[in-house]
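The primary structure of each chain is shown beneath.
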Amino acid sequence: MKTNIPSPAWAKVDLKKVPAMKVPAPGPKSKAVHARCTKYFKGLSGQVKLFPVAFESGHGCTMTDVDGNVYIDFSSGIYVTTLGHCHPKVTEQVQKYAGQLMNCHDFTTEIKTRLMEKMAATLPGDLNGFQLYDCGTAAVEAGLRVCRAATGKHEMISCFNDFHGKTLGAVSLAEYSAQVNGPSRVPGSHMVPRPNPYRPHWTKADGTIDTDAYIAFYEEYLARGTARMVAAFVLEPIQGWGGSVMPPDDFLPKLRALCDRHKMLLMADEVLTSMGRTGKWLACEHWNTLPDVVTLGKGFGNGFPVTAVCVREPYKESIEKISASSSYGGNPMACAAALACFEVIEEENLLARATHLEQIALKYMRGMMERHPIVGDVRAKGCLMGVELVKDRKAKTPFDAAGKLVYQKAFAKGLAWIPAGHILRMSPPIVMDDDTLIKGLEIIEESIGETEKELGYAK
Ligand SMILES: Cc1ncc(COP(=O)(O)O)c(C=O)c1O
């Protein structure tokens, strides 16, 4: 695949003017707005608490706060604005339908029909049954219901450290269920470890990860730990929230075969990884694996809240059995936004662009690893990138204190981003130009260097 695709001109950042920190951030206006808002708005994420800046606008690959500071965007909102903030075509389409028809329940519209046709023609294999929602979690919940309806079974297997949303069914698939739901979890929810090449549970004689050992464990667990009523194995093909963790290359094909052997469905939660984020429409395509049920979100509407559950031909009639419709799912603005995203990715050749940015980032980050002892691992697929910070490379002890400092220092230098704990998660828009990507990585490296000095880890 040709990958040296130029970035679209409208999204080019003028690095003479960006980043531009007019006042130390968070500045006085940010602090004042934040104080007023948080009198009432209480459920802030950890990142906002650590850097309480208030934003005013976004354009392409930059964001501006209420004090006039301009940042390079290394998070795309939260993996959402994959095509850059306020992409002209997406904005135009949402504006058009905001003035024409905002909602008509789930009656058919021409724009929804065109979106369905585009999805069926673009997504891999026979993924051609769809239902639309307004958040990723709702799509996940619908996916679980479809898996149950299609198989007549009720148990679900999911993976340690994956994330699927915060309602009862979605959170029952995740480790922090108790934190969100208290003592209750949907009956029949099971969790298993998944292969993380940097932190393997099982290795082969040569020290590399042993995917077969994971599959063998799943076989045993299915026989002994379940009621043999497993509807689906549900996973994120690449862990996003968990820290941009890539599977070993043989994992998804072997998991697909396991699902077939046990007559359970494979459900891929691609809310975070779809729509070009990793350089393909679906991340599963990197490993030639076709799931039976797929969820799309985040970049699906590039900021407009629209998500989908996608189901393969043999199971799609099950969508009818789950009372699938919702108030906002498939409203004309949402459909227009999602259709525009498909068209923009094709017109601007952005799958190739994401892969091009991956190659630049990997080269830079591997150099960073040589220069900085606290960098334990680096990884990227398209514009889904991660740097793992450790206290000690041999023991791989997570270095949360360093992660927090690097986050705050880089933000103060003009990088809007959302790392988590010791993992520096990066998800720049796939329209970013090369120089801006490198500038963002340089800001991170400078912040890592300062952090190493401060914590006594400098080489
Ligand atoms: C893989 C995955 N699934 C589901 C969700 C939930 O999506 P939403 O926050 O839109 O409900 C997320 C959100 O981060 C996610 O990353």
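The structure displayed is predicted, hence computed values, not measured ones. (Residues numbered from 1 in each chain as written. Predicted model: local features only at pLDDT ≥ 70, side-chain atom pairs only at ≥ 80, totals over all residues. Heavy atoms only, no water.)

The next point concerns the overall build of the chain. A tally of regular secondary structure across the chain gives 14 helices and 14 strands. Projected onto its principal axes, the C-alpha coordinates of the chain cover approximately 60 × 60 × 50 Å. Out of the 459 residues in the chain, the part that is buried amounts to 57%. Of all intrachain contacts in the chain linking residues separated by at least 6 positions in sequence, the fraction that spans at least 24 positions is 74%. Surface exposure of the chain reaches about 18,700 Å², of which carbon and sulfur atoms provide 55%. Averaged over its 53 positive side-chain charges, the chain has a centre that lies 4 Å from the centre of its 50 negative ones. (Helix = DSSP H or I, 4+ residues; strand = E, 2+ residues; numbered from the N terminus. Buried < 20%, exposed > 50% of the residue type's maximum accessible area, 1.4 Å probe, protein only. Contact = heavy atoms within 4.5 Å. Areas by Shrake-Rupley, 256 points an atom, 1.4 Å probe, with all protein chains shown as cover. Lys, Arg positive; Asp, Glu negative; His and termini not counted. Charge placed at Lys NZ, Arg CZ, Asp CG, Glu CD.)

Glancing now at the nonpolar core. If you look at the biggest cluster of nonpolar residues, it comprises 83 residues, and the most contacted ones within it are F74, M119, F300, M365, L389, W417 and I444. The element best represented in this core is helix α11 (residues 332–347), accounting for twelve residues. Discounting chain neighbours no more than four positions away, the residues touching F300 are L115, M119, L132, M275, V306, T307, A308, A337, A338, C341 and F342. (Core = buried A, V, L, I, M, F, W, Y, C linked by side-chain atoms within 4.5 Å.)

A few words now on the site of the ligand. Every residue close to the ligand is listed here: C135, G136, T137, F163, H164, G165, E236, D269, V271, L272 and K298. Within the side chain of T137, one N or O atom sits 2.5 Å away from an oxygen atom of the ligand. Separating a nitrogen atom of the ligand from a side-chain N or O atom of D269 is a distance of 2.6 Å. Across the complex, the protein chains shield 80% of the 390 Å² of accessible surface that the ligand would expose by itself. For the shell around the ligand, a count of residues per class yields four nonpolar, four polar and three charged. (Near = heavy atom within 4 Å. Polar contact = N/O pair within 3.5 Å; in protein donor to acceptor, adjacent residues only side chain to side chain. Nonpolar A, V, L, I, M, F, W, Y, C, P; charged D, E, K, R; others polar.)

All told, the structure shown has 23 salt bridges when counted by the stated rule. D433 serves as the salt-bridge partner of K12, at 3.5 Å between the closest nitrogen and oxygen. With a gap of 421 residues between them, K12 in the segment before α1 (28–37) and D433 in the loop between β14 (423–426) and α14 (434–455) connect regions that are remote in the sequence. Each member of the salt-bridge network shares a partner with another, and the members are D126, R256, D260, D292 and R312. (Salt bridge = Lys/Arg side-chain N within 4 Å of Asp/Glu carboxyl O.)

Spatially, three strands are ordered β11-β12-β14 in an open sheet, and the strand pairing comes out antiparallel. Looking along the sheet, the strands with just one partner apiece sit at the ends: β11 (375–381) and β14. Across the sheet, the axes of successive neighbouring strands diverge by a mean angle of 10°, strand direction being ignored. Across four bridges, the pairing between strand β12 (residues 384–389) and β14 is antiparallel. (Pairing = 2+ DSSP bridges. Axes fitted to C-alpha atoms, helices over the stretch in contact; angles between N-to-C directions.)

With that settled, the discussion passes to the domain arrangement of the chain. The figure often quoted for interface size is the accessible area lost as the parts come together. If you check the domain split of the chain, you get domain 1 (1–73), domain 2 (88–347) and domain 3 (350–399 + 439–459). Its C-alpha centre places domain 1 at a distance of 29 Å from the equivalent point of domain 2. (Domains from an automatic or database assignment.)

So, about the pairing of strand β2 (residues 62–65). Across the two faces of β2 the burial is the same, with T62 and T64 and M63 and D65 all buried. With four bridges connecting them, strand β1 (residues 55–59) and β2 associate as antiparallel partners. By the bridge assignment, G58 is partnered in β2 with M63. Between β1 and the antiparallel strand that follows it, β2, lie two residues; G60 among them carries a positive phi value of about 55°. Where β2 and strand β3 (residues 70–73) come together, three bridges link them in antiparallel fashion.

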